[in-house]
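# Summary of structural features
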Amino acid sequence: MTINPTFSDPTPVAPAFLDDVREGLSRPQKALSPKYFYDAAGSDLFEKITRLPEYYPTRTEIGILDGRGPEIAALLPAGAALVEFGSGSTVKLRRLLRHLDKLAAYVPVDVSGEFLRAQAETLSADFPHLRVEPVVADFTRDFDLPESLAGLPRAGFFPGSTIGNFEPEEAEALLARFGRILGSGAHMIVGVDLVKDAGTLESAYDDAEGVTAAFNLNLLTRINRELGGGFDLDTFTHRAVFNPQASRIEMHLVARDAQDVAIGSDTFAFAAGETIHTESSYKYTVETFRALAERAGWRWIQVWTDADGLFSVHALRLD
């Protein structure tokens, strides 16, 4: 099968990188966007993170998809087009596909055209009867689905608790955007990490092997390589802490000593102990996520969790 991705004017990452770094490091609380974690080295490190014993989200969500897959599939309309926002490696999609024998089309959406094409071709080889129509787009912006899907029922798939990487108001706006893209009558399957004890959460983001620390520090390596930055990685350390008031894990890079760091023509001063906030991962209860989804215009239908209540998969419908 020949794969011809639909392009929807994705925003190139490189031109904005320097501007985003300058803006983020000029804030009173220095910050860098987590979207810049995922260069080739960062993507490899994240794959290692998902296999760590402390990192429960990936294996727990896969367990839910495996165990409850028939129930999840039964809620989706026959002959639907399934749109996966931020499709990545399609690992979790494959767990659902075994139960979706009446799926009309699969539409992976990702900003990386080359990666998307490769994944789509592999998926088509493994599922030769499945129509695969990739779309190269930034799912945080409005985009159009292929015209060939006109008339098909639609469903969205957003696993991995990626929704937790957005501020709550941004997450609400994102779900509303998905609704506009999919249209009335659409369904959504969303993976959501749940609130739990701080020890379990902090261990998941600060593992004993130091893989998550390397993943976080790789962001500075990328700035040095691509932007001519002057970060000395030996003078920064990784920190992950649960903020119970905000219900989120925060990842920071902490300056061990006072120092000045040059990036291009700019210099940024760091005090000893000052941090760069690199990521937030919001954790929800079933009730708080249901309320967020309903504020975004979706009707909450059902939730599945694991036996330990670590993770949840929600079914929504747009009436």
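Our subject is the structure listed above.
Below is a summary of the structure that appears in this document. Note that the structure is a prediction, hence the values are computed from the model and not measured.

Here we take up the overall build of the protein. Within the protein, the secondary structure is distributed over nine helices and 14 strands. For 319 residues, the compact-globule formula gives about 20 Å, and the C-alpha radius of gyration of the protein, at 20 Å, lands near that figure. Seen along its three principal axes, the alpha-carbon backbone of the protein occupies a region of about 60 × 40 × 35 Å. Counting over 319 residues, the protein shows a buried share of 50%. Of the accessible surface of the protein, which amounts to about 13900 Å², a share of 50% is contributed by carbon and sulfur atoms.

Another aspect to go through is the packing of helix α2 (residues 40-49) against helix α8 (residues 211-227). Contact geometry for α2 and α8: axes closest at 9 Å, N-to-C directions at 160°. On the basis of their axis angle, the class for α2 and α8 is roughly antiparallel. Pair α2 / α8 crosses with left-handed handedness. Residues A41, G42, L45, F46, K48 and I49 of α2 lie in contact with α8, whose contacting residues are V211, T212, A214, F215 and N218. Looking at the contact of α2 with α8 residue by residue, the class counts come to seven nonpolar, three polar and one charged.

Let us now look at helix α5 (residues 113-126). Residues three or four positions apart in an α-helix share a direction because the helix packs 3.6 residues into each turn. Counted at 1.5 Å a residue, the expected span for α5 with its 14 residues is 20 Å, and the 20 Å between its end C-alpha atoms agrees. The inward-facing, buried residues of α5 contact α4 (91-97), β3 (105-110), β4 (131-132) and β5 (135-136).

Right, let's get into the packing of aromatic side chains. If you walk through the whole model with that rule in mind, you get 18 aromatic pairs. Ring centres of F231 and F236 lie 5.5 Å apart, and the angle between their planes is 75°; on these two criteria the pair is classed as edge-to-face. The ring of F270 is capped by K30, whose NZ or CZ atom sits 4.8 Å from the centre of that ring. The positively charged end of R222 is found above the aromatic ring belonging to F17, 4.8 Å away from the centroid.

Its place among the elements puts S247 in the loop between β8 (236-243) and β9 (248-255). Take S247: its relative accessible area is 17%, and that puts it in the buried class. Ignoring sequence-local partners within four residues, the contact set of S247 consists of V195, F242, S281, Y282 and K283.

Pairing within the open sheet is antiparallel, and its three strands lie in the order β8-β9-β12. Every interior strand has two partners, whereas the edge strands, β8 and β12 (275-282), have only one. Put simply, the sheet's adjacent strands are angled 20° from each other on average, direction ignored. Sheet topology note: the β8/β9 ladder contains eight bridges and is antiparallel. Of the residues in β9, the one forming a bridge with A240 is M251. Each of β8, β9 and β12 touches α8; the most contacted strand, β9, lies at about 60° to it.

Turning next to the environment of A171. Tracing the backbone through its elements, the reader meets A171 in helix α6 (residues 168-182). A171 gets classed as buried once you look at its relative accessible area, which sits at 0%. The residues contacting A171, other than those within four sequence positions of it, are I163, F166, Y284 and L292.

Cut-offs used in this document
- Residues numbered from 1 in each chain as written.
- Predicted model: local features only at pLDDT ≥ 70, side-chain atom pairs only at ≥ 80, totals over all residues.
- Heavy atoms only, no water.
- Helix = DSSP H or I, 4+ residues; strand = E, 2+ residues; numbered from the N terminus.
- Rg over C-alpha atoms; globule rule 2.2 N^0.38 Å.
- Buried < 20%, exposed > 50% of the residue type's maximum accessible area, 1.4 Å probe, protein only.
- Areas by Shrake-Rupley, 256 points an atom, 1.4 Å probe, with all protein chains shown as cover.
- Axes fitted to C-alpha atoms, helices over the stretch in contact; angles between N-to-C directions.
- Parallel < 35°, antiparallel > 145°, perpendicular 65-115°, else oblique.
- Left-handed = near helix turned anticlockwise from the far one by under 90°.
- Contact = heavy atoms within 4.5 Å.
- Nonpolar A, V, L, I, M, F, W, Y, C, P; charged D, E, K, R; others polar.
- Expected span 1.5 Å × (residues − 1).
- Phe/Tyr/Trp six-rings, centres within 6.5 Å; stacked < 30°, edge-to-face > 60°.
- Lys NZ or Arg CZ within 6 Å of the ring centre and 35° of its normal.
- Pairing = 2+ DSSP bridges.

It is worth stressing that arrangement in space is one thing and function is another; only the former is reported here.
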